[in-house]
Each structure stands twice: as structure tokens, then as C-alpha cells.
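Now for the letters of each chain:
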Amino acid sequence: MSAEVITSDLTHLPDQSHDDTTRQKSDLLANPLHATLYQVLKELKPAQELSKPTSTESLLAAQNQNLSRLDAILRMEGVLDDSGDASPPSDSPPRHNADYYVKMNEVKRLYQEELHTYQKKQDYFRQRVYAMLQEQSRFRPIRPGEAECLVAAIQYQLCGILFQLKESTLQLVLALKDKYINYKRREPRLDAFAKQTLNDYFDSHRQHPYPSSEEKIELAKKCSITVSQVRL
């Protein structure tokens, strides 16, 4: 079998069935030209270390900042503890607003379960990347940093799932507060500054005038009003 045939077989491995691929891999490893071709490919590979694409790096950094802001709000609402871990449910909720604390305990429990599932999936995908590259290293050289690049790309996708989990949890918490706590308080009328601030937000977001939970909290603080009063 010539080097051209070996190269052709390597190129068409992804197009074959699992059984054919396994058989072809065994033939390639047993071929006496395999070691020589592998060394040639290794020398042709660029020596420089791969770096994560700038776009993925910047997007991942922005996503981490958004997660940090959500964590700060969830910590303030009692869903997370000071270390950033899920806050344990309260064993004995106070009599005042007991229904609210019962519901909050349920939200915390669900958040803990979903977070645990997310962390398991994250570890699984990371292990799969290294296992895949370890398998591929038998047939082609792996460049330095190649695994980190793949892990970074997967991490960005997983961060989007984590963001949705934290965002939906915060939405539940705010809905519970509106139902059990804020409705009992007499909300003050909006002053001129608050009205102007909300109108400015609406004018600058006409295409999608629906603030997120995080934006509602920021607007409420800026206007010195409750979150439930942030209506555009």
C-alpha cells in the first residue's frame, strides 16, 4: 500500500460506516508506512500553539460578565450563598409570608437540580473532547492548544444554557415577590424623573421594548421604584 493510498484512506474515514472505519483504522495502524507518514504529517503541522479565536474569546468573556451580574442578583435574592453556590432551602420558613418561603424553597431545589445536571453535562463534554483527540492522535498529530480551542467553543455554548437557567430562576423569584410581597405594598406614583427614564428606555428600544429581568432591576433602582412598576 503506497503513501498516496494511505493518505486517501485517512481523508475518507469520516465518510465510512462505523464498522468500515474500525477495520480501516486497524489496517492503517498495521501498515509499515504508518509511522513514516505520521512523522511527515507531524513535521508539516505548524509548530505554533493554537489560540482561541478572538470572536469566541470575546463572546465568552461577555457571557461570563452577564453570568456574574445574574449571580450577584440571585445572591441578593437568597438563591445563591456568598460563595456562589446554590443556597440550601430553609428548613423552617417564618410564619410571615410562609407561602412565599415555601415557594422559594421549591425554586432553590429546582435550581440546585438543574445546576447539578448542567455541571455533569459540562464535565461529560470536556471528557469527550479529550477522548476524541486522544483517539485521533493515533492517526494524526494534535497541535498544542487544539483541545483547549474545542473546549472553549463548547464552553461558550454551555454558558448560554447556564445563562437561561439563571435568567429563568430570577424570573420565578421576581414573580413570587410580585405575588406574595410587592402587591401588599402601596406603590408610590411615578415622579417626572422615573417617567422620563422609562420613556427614554422605550424610545431607545422600540424594536424590542421588553427589558430583561436584569434590566428591570437596574431601571427600578435608577428610578427608585419597585420592579413591578417597570412597565413601558
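Residues numbered from 1 in each chain as written. Predicted model: local features only at pLDDT ≥ 70, side-chain atom pairs only at ≥ 80, totals over all residues. Heavy atoms only, no water.

*Asks:* Is there a simple way to explain the overall build of the protein chain in this structure?
*Replies:* Counting its regular elements, the protein chain contains eight helices and zero strands. A burial count over the protein chain gives 32% of its 232 residues as buried. Put simply, of all contacts in the protein chain between residues at least 6 apart along the chain, 71% involve residues at least 24 apart. Carbon together with sulfur atoms contributes 52% to the accessible area of the protein chain, which is approximately 15300 Å² in total. (Helix = DSSP H or I, 4+ residues; strand = E, 2+ residues; numbered from the N terminus. Buried < 20%, exposed > 50% of the residue type's maximum accessible area, 1.4 Å probe, protein only. Contact = heavy atoms within 4.5 Å. Areas by Shrake-Rupley, 256 points an atom, 1.4 Å probe, with all protein chains shown as cover.)

*Asks:* Can you walk me through the nonpolar core in this structure?
*Replies:* By size, the foremost hydrophobic cluster in this structure holds 33 residues, and its most contacted members are Leu170 and Ile225. Listed by contribution, the elements that provide at least two residues to this core are helix H4 (54-76), helix H5 (98-136), helix H6 (146-180), helix H7 (192-204) and helix H8 (213-223). Per element, the largest residue contribution to this core is nine residues, and it comes from H6. When neighbours within four sequence positions are excluded, Ile225 is seen to be in contact with Leu190, Ala194, Leu198, Ala220 and Val230. (Core = buried A, V, L, I, M, F, W, Y, C linked by side-chain atoms within 4.5 Å.)

*Asks:* What is the right way to look at the confidence of the model for the protein chain in this model?
*Replies:* Reading fine detail from the predicted coordinates is not recommended where pLDDT is low. With 68% of its residues at a pLDDT of 70 or more, the protein chain shows a mean pLDDT of 76. Here helix H1 (residues 3-11) stands out as the least confident element of the protein chain, with mean pLDDT 55; H7 is the most confident, with 88. Across residues 47-52, where pLDDT falls below 50, the model places twelve contacts with residues more than four positions away in sequence or in other chains. (pLDDT = per-residue confidence, 0-100.)

*Asks:* Explanation requested: the side chain of Asp71 in the structure shown.
*Replies:* As for its position among the elements, Asp71 is in helix H4. With near-sequence residues (within four places) excluded, Asp71 lies in contact with Leu80 and Lys166.

*Asks:* Looking at this structure, I do not really get the packing of H6 against H8. What am I missing?
*Replies:* Helices that pack against each other are described as a pair by the angle of their axes relative to one another and the distance between those axes. Interaxial distance between H6 and H8 falls to 9 Å at its minimum, and their mutual angle equals 50°. Accordingly, the angle class assigned to the pair H6 and H8 is oblique. Residue-level contacts link Glu167, Leu170, Gln171 and Leu174 of H6 to Ser213, Glu214 and Ile217 of H8. (Axes fitted to C-alpha atoms, helices over the stretch in contact; angles between N-to-C directions. Parallel < 35°, antiparallel > 145°, perpendicular 65-115°, else oblique.)

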